[in-house]
Amino acid sequence: MQNDRLLAYFMILPVVIAVLAFVIGPTYNVGTLSLTKIVMGQERGFGTFSNFTALTADPVFWLVLKNTAIWILGGTLLCVLVGLGVGAFLSVDSRLTTGLRALILLPWVLPDVVTAMAWKWMLHGQVGIIGQTLETTGLTEETISFLGDPNLVMWTLVVVLIWRKMPLVALILCAAIRSVPDDQIEAARMDGATAFERFRFVVIPNIAFSLTAVTVISMIWITAEFALPWIMTGGGPANSSQIMATYIYQQSFEFFNWGIASAMSVINLVMLASIVALYLYINRRSWASEGSK
Amino acid sequence: MGSVTLTNIRKSYGAVEVLHGIDLDIADGEFTVLVGPSGCGKSTLLRSIAGLETISDGEISLDGEIINKRQPKERDIAMVFQNYALYPHMTVAKNMAFSLRLAKEAQSEIDRKVKDAAEILDLVPLLDRYPRQLSGGQRQRVAMGRAIVRDPKVFLFDEPLSNLDAKLRVQMRAEIKELHQRLKTTTIYVTHDQIEAMTMADKIVVMRGGHVEQIGSPLELYDRPASVFVAGFIGSPAMNFLPGSAKGGAIQTPNGDVIQGLPDGIAEGRAVIAGVRPEDLRLADQGIAARVVVIEPTGAETQLMLRTADTDITLTTRDRVSVAPGDTVHLQIEPGKLHCFDAETEMSLRTDDT
């Protein structure tokens, strides 16, 4: 008995060490760093909230929060909505959709950097093919600089983000929709439900579990996404597409404001943790109401 | 009202035709059972009537109106599915109210109809439960409740009892029959279980391979099966079949037994099949010789598994028998209880009716 327990501890030891070294350790460091005053890369005393007060005084930080809200909330919402639409379309059996189901993952398997560079050039204000096409077909009077316009840039990033992240969401939801029992759909048809009513009242409740899971997962993905906005805009023009991930990177590795960057990381972590907590809460609630099935 | 007429119904999936021209008349209020082995097309036919399958050819009419081009919801037909198909996220009451809600009926009206149906089906204490909290039999009743609240012209049942255990099945059988007697709604019921068909139906439609094999009341099918297939399908234990040939107004089996009772006008030497139900056989001093293989007493009656030189025969008797496995016995057929079929077409050679 005693031996078994020792063996068990021994078996999980490597994972515990890895988690301590690569997750708990750095998190602890960031936590202490955020409470440490740092001047010119020099630590000047632990136990201060000056990093957080400096952040709230920084007007860029509020812009970053707004942009991050567009990025995370807008991105997640659109990603799930578009994914739901595409997934519903893909769930219909036809020769077209079986082919598309395989093809749709293409944006998802491309490396981040390739995606970002390709879109950056396609959206370029002078040489981008998208702006040019819109102009030559007469849809716009002059070439739009998608990444150069402070009012457009955040939403342009969101569109690229959706192009990249939506396919997997669509596939997961497609699989969920296809697993809805046929006889429930047929019963709804007999009950007089239109196609929309069948989707709204039968399909959606049946896939609610996948839908919440996929929403939270995309939220986490999008929060963690860094390469795409960094390569495409680097936060510009004039911080108008600066989001948490890029601003933290800029503060720590370009300006060496580790205290500020750590403080933002802590805020970011709290945000992510609340999303996950919300997810667990919703899941536990739906598990509780599902019972053992 | 709800009389259903099917005319020359055909259904193909690609090049494969699964229903080969079905004609069927179902009177208002009739309980009709479609029965047959799996793959005979009975479920496809039912789903075609429901509108869940589109037929390739033919006409379905309800009270004289052709409905086969209409959507399921425009047909005024309700269906009870094999797996109940309850909406798992809705309570019993909401499941039953769903169609009424979609039809935008007034809430008071919905409540009244759901309550009425729940009372008929003993579901009142369960109205706030979710399907997962119900037993199989209760779920089945909710599925029926969902059909009842709509007060449709026709009820369709697609093997509704096949997921229940044997005891519950017998109970639900009686409940469905009682419900039909109470509501008197035209009912079309699909099953592969001939006992269900026999016990519940006003009219049985035996199907096989996309054709209607025979239509009739349960006892008509039992007493006057039109073919070897119907004779073997209806009745349990199944009818015994003894191949032979017509000889001198009787049937002679290959091993020399002579069976009396061949209908008149059968050509000498014609290959025929003699059919006799297990309960129409009795032990006698002479007749068909057979060896006892297994004896199965069930209390009320005893079943004997016998073997002649070339076939197995089942005999049931209400008498207590004193034979042992390995004994040789002789069998006589009750007068007038012999069924004769043509060996080639497997159709009945009976001449006194259709």
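Residues numbered from 1 in each chain as written. Chains lettered and ligands numbered in written order. Predicted model: local features only at pLDDT ≥ 70, side-chain atom pairs only at ≥ 80, totals over all residues. Heavy atoms only, no water.

## Considerations on the sheet that holds strand S9 (residues 203-208) of chain B
All names here are of chain B. Spatial ordering of the open sheet is given by S6-S7-S8-S3-S9-S10, a layout of 6 strands whose pairing is mixed. The sheet terminates laterally at strand S6 (77-80) and strand S10 (211-216), the two strands that pair on one side only. Each strand axis lies, on average, 20° off the axis of its neighbour in the sheet, ignoring direction. (Pairing = 2+ DSSP bridges. Helix = DSSP H or I, 4+ residues; strand = E, 2+ residues; numbered from the N terminus. Axes fitted to C-alpha atoms, helices over the stretch in contact; angles between N-to-C directions.)

## Observations concerning the state of the cysteines
Residues and elements named next belong to chain A. Overall, the coordinates contain 0 disulfides over all chains when judged by the stated rule. No disulfide involves cysteine 79; its sulfur sits 15 Å from the nearest other cysteine sulfur, which is in cysteine 174. On the basis of relative accessibility, which here comes to 1%, the residue cysteine 79 falls in the buried class. (Disulfide = S-S within 2.5 Å. Buried < 20%, exposed > 50% of the residue type's maximum accessible area, 1.4 Å probe, protein only.)

## Thoughts on the nonpolar core
Generally speaking, a soluble globular protein has its nonpolar side chains buried in company with each other. Counting 45 residues, the largest nonpolar core has B:Met96, B:Met144, B:Ile176, B:Tyr189 and B:Val206 as the members making the most contacts within it. Broken down by element, this core gets its largest block of residues, 5 residues, from helix H4 (residues 136-148) of chain B. Setting aside residues up to four positions removed in sequence, B:Tyr189 forms contacts with B:Phe31, B:Thr32, B:Val33, B:Leu34, B:Phe157, B:Pro160, B:Leu161, B:Ile176, B:Glu196 and B:Met200. Judged by nonpolar contacts, the second largest core, of 40 residues, contains A:Trp71, A:Met154, A:Leu173 and A:Ile275. (Core = buried A, V, L, I, M, F, W, Y, C linked by side-chain atoms within 4.5 Å. Contact = heavy atoms within 4.5 Å.)

## Quick notes on the packing of helix H6 (residues 112-122) of chain A against helix H8 (residues 153-178) of chain A
Helix-helix packing is characterised by the crossing angle of the two axes and by the distance between the axes. Residue and element names in this part refer to chain A. Orientation of H6 relative to H8, taken along the N-to-C sense of each, is 140°, at an axis distance of 11 Å. As judged from the angle between their axes, H6 and H8 are oblique. Along this stretch, H6 crosses H8, giving a crossing that reads as right-handed. Residue-level inspection shows Asp112, Thr115 and Trp119 of H6 in contact with H8, the latter providing Val160, Trp163 and Arg164. Its residues assigned to classes, the contact of H6 with H8 shows 3 nonpolar, 1 polar and 2 charged. (Parallel < 35°, antiparallel > 145°, perpendicular 65-115°, else oblique. Left-handed = near helix turned anticlockwise from the far one by under 90°. Nonpolar A, V, L, I, M, F, W, Y, C, P; charged D, E, K, R; others polar.)

## Some words on the confidence of the model for chain B
Regions with low pLDDT carry predicted coordinates that are not meant to be interpreted in detail. On average, residues of chain B score 89 in pLDDT, and 99% of them reach the 70 mark or higher. Scoring of the predicted complex yields 0.79 for pTM and 0.82 for ipTM. (pLDDT = per-residue confidence, 0-100.)

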